[in-house]
Amino acid sequence: MALIQISDPDSSSSTKKQFSVGIDLGTSNSLIAESINKQVTFFKNDKSELIPSVVYESKKKLLVGDTKQSQSIKSIKRLMGLSSQEVSSLSINNLNLDLTNDLPYVIINDQKKSAAEISSIILSHLCDIAKKNKNLSVESAVITVPAYFNDVQRQATKLAAEIANIKVLRLISEPTAAAIAYGIDDTKEGNFVVYDFGGGTFDVSVLSVKKGVYKVLSTKGDTHLGGDDIDSLISKYLVKKFKKTENLSVGELLSISKDIKHQLYENDIANNDMYGISITLEDFNKIISSLIDRTIDIFDAAITDSSLLREDIQNIILVGGSSRLRIIKDKIKEKYTISILDHLNPDTVVASGAAIQAEILSGNSKDDLLLLDVLPLSLGIETYGGLSEKVISRNTPIPTSSEKTFTTFKDGQTKMMINVVQGEREDVSACISLGEFTLLDIPPLVAGAARIIVKFQVDADGLLTVSAREQTVNKETLIQIKPSHGLSPDKIQEMLSSSNALAEEDKNYRLLRENIVEAERAIYAIEEAIKTDGKDLLNTDELTKITDSISYLKKAVINNDVNEIKDAISKLENTCEFYVERRMNNSIKSLIAGKDINDII
Amino acid sequence: MSLLNLNYFEIFGIEAQITIDIEHLNKKYLTLQSEFHPDKFVNASNLEKSMATRISTYINDAYNTLSDLVERVDYILQINNYSKEEHTTFKNTNFLTDQMMLSEKIENANPIQYKDIQNEISIEIKTIISEMQNNLNNRDFDILYENNSMIKFYKKNIRQLSV
């Protein structure tokens, strides 16, 4: 329900169906799907729903999907949201990198691209496939991210979507998406643990599912642990063990290793005749055993964090391509007697869930589903001595916020810097720095007199915004952000404007359209609201002010001027803020008054 | 009166008491989030979106606070304008001595004894909780504050036992 009830989902006028998709932007493969009445259709390229997340150059253009290209960019997801320094510690040997700036670049022939830009090319390609299949342009999407992605990695994913010109309905975490796909299939209720082992990332989420509410209780993971790591372990083994492989390139070795792994999903022995390789499942399991143990440790920890008892857990759900490794089930069964669900395709289940969520969020479905997710990693600020003081703890339901009060330590001090970090360790150097926030414009007072309240707000996508207010003079404080990972506001702007997704005039047209839609939405919402309760909640003066702002906005729309419309929208919003708030109060009051909760849920 | 000025108890329509009906809290929490979560406003105007984020955040904060006994009692003290900062030193020396002995006991205990110690602590906590309601009824906030500090100590003991 909208507070200002915009429209009844059943009524026709303003609810034209959007073309909304779910996208699983994966390390090895990506998928795009649409759900209609919870029936999910995958948009395919060359008969496969799995679209390789591989970018290569052909005739100066960057293209997606051909895994046979000799020069290509693979597993770009591993680089998302990392600084050059972090990338250099990952020992990535299959990419040509430029790490001279804070923001790492991948070099392909004579082009230099950031991870977000490469991902945006993949996203655009996915949308093109959907467009070809459906003869419609994608309007909006739910994009999945690893549950354990930190703020920078999420920001980078959202930026990639923006560069590709995709409206993001919501970023949701991959294991949660998988749970939605399973839940819809089985209409199950209870507590579930999702073990999600993909090409490059590993996640565990513990969820409680009840009457259409998916509540994440805890989440844990490793954003650099996946099938890729198994391939590289195997390729090291091959070089040591099979002489004929000595002169192979890294890329060739990895692809042979991947093939061996795939054979062992089904068979007890894998062969490669060309290089005289033969490996038994037993030997293979020995090589990867300690890596799988790491996933099991994380799995145990997530369950502990959820405070659930083992007997309260109904199912363990296995998803992600790498969950096909048979050793995983063996290891889980050694420790847990909980029954395992894996009947849905582990490669496509995340995209299915994303598509279903996209259908619901876009308002195309009458069904309701509420997803309550949590912050995966604690947020903190650096204090004296390089320690992190927690501001918001991990596994707190989002959206959430927290405030901290700071003061000045010098007379007349007008600036202050805070380093915001994410991670569990006390030592800030073991956490990820999200950036340095410099508070400007602090009123010059004697030391200790200023009271600066810094607010940390995490939204429903898990993204952080920081704002600050000086209390003694009650003034909004300007904040200058210096992100630690090179994604400065300037850089972001540069990427957005240089994106090839749309020509300049298309962009302007689109911007105008978007603002007109927003204007119509606001006008409709407020006029409808006035019809319902304007008489009860507004006095004549207030009503006149609001209707004046509405006519001003209507005029702006007729004039077709983007800036005028934007300005009129924000004027209308400011005028109506108190009214929207009054209506919200009314609606919450009626909820509180409703004594019989069972009638409501 | 603004919605965001309702206190955490009022949001859920429950009385500000030491023990609350957690089942009721959970249900009410879901009812409210089903109404105000930003997901319900994906296609709404920006004004509604930002309002929804603010309200949904407030509901989450309220839920987290009220779900936990210690935080709930701290919150009760706060809405009764009892300032903690003025009362930061804990003066009950008898209790502190007991705490030192208990800590020592835990350190020297054999893991087999953990369950017994845990049970002892649970009984202590239950006794304090029943006292707390009386102290709240009598608006004896100094003692209520002390009660809550004791529970914090006991909770720490329990954490020690579970490592």
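Residues numbered from 1 in each chain as written. Chains lettered and ligands numbered in written order. Predicted model: local features only at pLDDT ≥ 70, side-chain atom pairs only at ≥ 80, totals over all residues. Heavy atoms only, no water.

(A) Broad picture of the overall build of chain B. Counting its regular elements, chain B contains seven helices and zero strands. When the helices and strands of chain B are read in sequence order from the N terminus, they spell out α-α-α-α-α-α-α. For a compact globule of 163 residues, the expected C-alpha radius of gyration is about 15 Å, and chain B comes in at 20 Å, more than 25% above that figure. Once the C-alpha set of chain B is aligned to its principal axes, its extents read approximately 60 × 35 × 25 Å. Looking at the 163 residues of chain B, the share that counts as buried comes to 48%. Relative to all contacts within chain B whose residues are 6 or more apart in sequence, the contacts with residues 24 or more apart total 67%. Split by element, the accessible area of chain B, about 8400 Å² in all, is 49% carbon and sulfur. Distance from the positive charge centre (16 side chains) to the negative charge centre (23 side chains) of chain B: 5 Å. (Helix = DSSP H or I, 4+ residues; strand = E, 2+ residues; numbered from the N terminus. Rg over C-alpha atoms; globule rule 2.2 N^0.38 Å. Buried < 20%, exposed > 50% of the residue type's maximum accessible area, 1.4 Å probe, protein only. Contact = heavy atoms within 4.5 Å. Areas by Shrake-Rupley, 256 points an atom, 1.4 Å probe, with all protein chains shown as cover. Lys, Arg positive; Asp, Glu negative; His and termini not counted. Charge placed at Lys NZ, Arg CZ, Asp CG, Glu CD.)

(B) Up close: the domain arrangement of chain B. Residues and elements named next belong to chain B. Each domain of chain B was delimited in the assignment, giving domain 1 (3-67) and domain 2 (86-162). The distance between the C-alpha centroids of domain 1 and domain 2 comes to 31 Å. Contacts between domain 1 and domain 2 engage four residues on the former and six residues on the latter. For the pair domain 1 and domain 2, the summed buried surface comes to about 350 Å²; carbon and sulfur atoms form 68% of the total. When the buried area of domain 1 at its contact with domain 2 is split by residue, Q17, I18 and T19 rank highest and sum to 93% of it. (Domains from an automatic or database assignment. Buried area = accessible area lost by both parts, 1.4 Å probe.)

(C) Summary view of the nonpolar core. Membership of the largest hydrophobic core comes to 73 residues, with the highest contact counts inside it found for I546, L553 and I565 of chain A together with F12, I18, L66 and L144 of chain B. In terms of residue count, helix α13 (residues 562-593) of chain A provides more of this core than any other element does, 10 residues in total. Not counting residues up to four positions away in its chain, the partners in contact with L553 of chain A are A519, I523, I565, A568, I569 and L572 of chain A. F19, L62, A160 and I163 of chain A belong to the second largest nonpolar core, which has 48 residues in total. (Core = buried A, V, L, I, M, F, W, Y, C linked by side-chain atoms within 4.5 Å.)

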